[in-house]
Amino acid sequence: MFFLELQTSDIHAALGRLLDQTRVAGLRLAAVNARAIGDECRISASIDISDRDTVDKLARRVGSMVCIGTVDVRSECERPIPIQTPRARTKD
């Protein structure tokens, strides 16, 4: 099981892309949670798979399609590891 967390400015686009790309990749989502607090939007997903490379690829694909600020991927026993996306925004 892997956990994917996305921070985005467009929760609807990011959630739609995440759902679409997991379906296309044939992955099973165990749980999805989307929340918006002020301008910060976070999407958390649990993906029932044991291959980290597949989850990293999914995260990069979703991040390249919509404006994603931060992407964290971790397994059940790992700390979050940020993934850089082409459109990642940094706070100065």
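None of the values given here were measured: they were computed from a predicted structure.

Relative to the elements of secondary structure, Gly63 occurs in helix H2 (residues 52–65). Through-space distance from the C-alpha of Gly63 to that of Thr8 is 9.2 Å; in sequence the pair is 55 residues apart.

Here the focus is H2. An α-helical turn contains 3.6 residues, so a residue and the one three or four places further along point in the same direction. When the terminal C-alpha atoms of H2 are compared, their 20 Å separation across 14 residues agrees well with the 20 Å that a helix rising 1.5 Å per residue should span. For H2, every residue scored as buried is listed here: Arg52, Val55, Asp56, Leu58, Ala59, Val62 and Gly63. Here the buried residues of H2 occupy an arc of 160° about the axis, which is enough to place them on one side. Measuring from the side-chain oxygen of the N-cap residue of H2 to the backbone nitrogen of Asp53 gives 3.3 Å; that N-cap residue is Asp51.

What follows deals with the confidence of the model for the protein. With 82% of its residues at a pLDDT of at least 70, the protein reaches an overall mean of 79. When mean pLDDT is compared element by element in the protein, strand E2 (residues 29–37) scores highest at 90, while strand E5 (residues 81–83) scores lowest at 48. Considering only residues more than four positions removed or in separate chains, one finds that residues 83–92, a stretch of pLDDT under 50, has 23 contacts.

What counts and what doesn't
- Residues numbered from 1 in each chain as written.
- Predicted model: local features only at pLDDT ≥ 70, side-chain atom pairs only at ≥ 80, totals over all residues.
- Heavy atoms only, no water.
- Helix = DSSP H or I, 4+ residues; strand = E, 2+ residues; numbered from the N terminus.
- Expected span 1.5 Å × (residues − 1).
- Buried < 20%, exposed > 50% of the residue type's maximum accessible area, 1.4 Å probe, protein only.
- Arc of directions from axis to C-beta.
- Polar contact = N/O pair within 3.5 Å; in protein donor to acceptor, adjacent residues only side chain to side chain.
- pLDDT = per-residue confidence, 0-100.
- Contact = heavy atoms within 4.5 Å.

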